[in-house]
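A structural walkthrough
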Amino acid sequence: MDKGRIIGVLLGFLIAIPVYIRLLCRVFTVGFGVFKVKERKPPACLQDPQFGVHKYMKVNGIKIHYVEAGEENKPLMVFVHGFPEFWFAWRHQMNYFKKNYRVVALDNRGYNDSDKPAGIENYHIKNLIDDVKALVEGLGVNKFTLVGHDWGGAICWTFAALYPELLDNLIICNCPHTLSLRDQRQRGWEQKLKSWYVVFFQCPMLPELFAMSEDMQNLENMLTDSGLKSGSEEMEAYKYAFRKFETWKGGMNYYRCAASKKSVDFWQDKNIQEKIRLIKVRTLEIFGTGDKYLAVAGAKGSSAYVEDHTLELLEGVSHWVQQEAPDRVNMIMEQFLKIAK
């Protein structure tokens, strides 16, 4: 374990003290059943044909699951989800844009039905963007529109920096540009405090157990902000996708790898720094101002690092913007894409 990871783990354990106390109290109250997750069958909505056809492709040494809809001769639009989500997070956009686009939403490595390679190093940002690149190449396309949310947004920002020639458009939902996010962490406490969980996730095992406790109640609490109701088929779809410890571990390994020496060295590379400082792809950024995890100032600051940047703020909408306000997000995306034509 490198120095960055060791420091991260120690800080994570320190921040996790309230979590230990809460879990211990629950164990004393209800026993070790607190860690039990109900057995589930896949809800019908996950196989709803309106969202597309489920497919797999071997890319970058792993098997990626994705859902595809629309005609193959239409322009390609690829959707990349964040944490803790999976392809289903884009159901509203896929159903809307499939009439004019070939839409593809993947399960990122580590998530749902995609492979979950062992080892934190396998979740390095270069692997994540190369998964997308290899998938698109496998689809036989050399130019497309890329859409991302949360961690998926970070993947998409980096993809646009390294492979701008492959993109027609870049659309980001609730994820400031990487350098703008860094700026906010350096300038004040708002983003530092909002990002406390990033440090907590550096701990081994405990974050996964906490996430799974009481039948994933914390996941339900988070997604309630997106408009999903407790016990609904959509909420059950999320709980089905995250029913396994390995899925939580895969998602949290993104954060763990981001604190590793390999990631630090990657971002300190002068060639990478030069490319990430100015995104040359036409970009739309949609940001719900009610985000509990990311500061609005970060979204506003993204324009300093993008050559052609459009920012649309959705007042009071949560972090889960494309699910909570799908009609507004779809309209904004459509208007942006029409101008491009």
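That block above? That's the structure.
Observations concerning the packing of aromatic side chains
All chains considered together, the criterion is met by 31 aromatic pairs. Between the aromatic rings of phenylalanine 79 and tryptophan 90, the centroid separation amounts to 5.1 Å while the plane-to-plane angle is 35°, which identifies the pairing as tilted. On the criterion of sequence distance, the pair formed by phenylalanine 79 in strand β3 (residues 76–80) and tryptophan 90 in the loop between β3 and α3 (91–97) is long-range, its members being 11 residues apart. Across the pair, exposure class does not vary: phenylalanine 79 and tryptophan 90 are buried alike. Taking the centre distance of 6.0 Å and the plane angle of 80° together, the rings of tyrosine 197 and tyrosine 255 count as edge-to-face. Here tyrosine 197 is found in helix α8 (residues 196–200), whereas its partner tyrosine 255 is found in helix α11 (residues 245–258), with 58 residues between them in sequence. Comparing tyrosine 197 with tyrosine 255 shows no difference in burial state: the two are buried. Just above the ring of phenylalanine 88 sits the side chain of arginine 91; from NZ or CZ to the centre is 4.3 Å.

Let's talk about the nonpolar core
Val78, Phe144, Leu146, Ile286 and Met333 are the most contacted members of the largest nonpolar core, which totals 111 residues. It is helix α5 (residues 151–162) that contributes the most residues to this core, 9 residues altogether. The contacts of phenylalanine 144, once residues within four sequence positions are left out, are Leu76, Val78, Val132, Val136, Phe159, Leu166, Leu167, Asp168 and Asn169.

Examining helix α4 (residues 125–138)
Along its 14 residues, α4 runs 20 Å from first to last C-alpha, staying within 8% of the 20 Å computed at 1.5 Å per residue. Among the residues of α4, those classed as buried are Ile125, Leu128, Ile129, Asp130, Asp131, Val132, Ala134, Leu135 and Val136. Once α4 ends, the next one or two residues include glycine 140, with phi positive near 80°.

Observations concerning the environment of leucine 128
In this fold, leucine 128 is placed in helix α4. Linking leucine 128 and tyrosine 254, residues 126 residues apart in sequence, is a C-alpha distance of 9.3 Å. Those residues in contact with leucine 128 that sit more than four places away from it in its chain are Arg109, Tyr123, Trp151, Ile155 and Tyr254.

The rules behind these values
Residues numbered from 1 in each chain as written. Predicted model: local features only at pLDDT ≥ 70, side-chain atom pairs only at ≥ 80, totals over all residues. Heavy atoms only, no water. Phe/Tyr/Trp six-rings, centres within 6.5 Å; stacked < 30°, edge-to-face > 60°. Helix = DSSP H or I, 4+ residues; strand = E, 2+ residues; numbered from the N terminus. Buried < 20%, exposed > 50% of the residue type's maximum accessible area, 1.4 Å probe, protein only. Lys NZ or Arg CZ within 6 Å of the ring centre and 35° of its normal. Core = buried A, V, L, I, M, F, W, Y, C linked by side-chain atoms within 4.5 Å. Contact = heavy atoms within 4.5 Å. Expected span 1.5 Å × (residues − 1).

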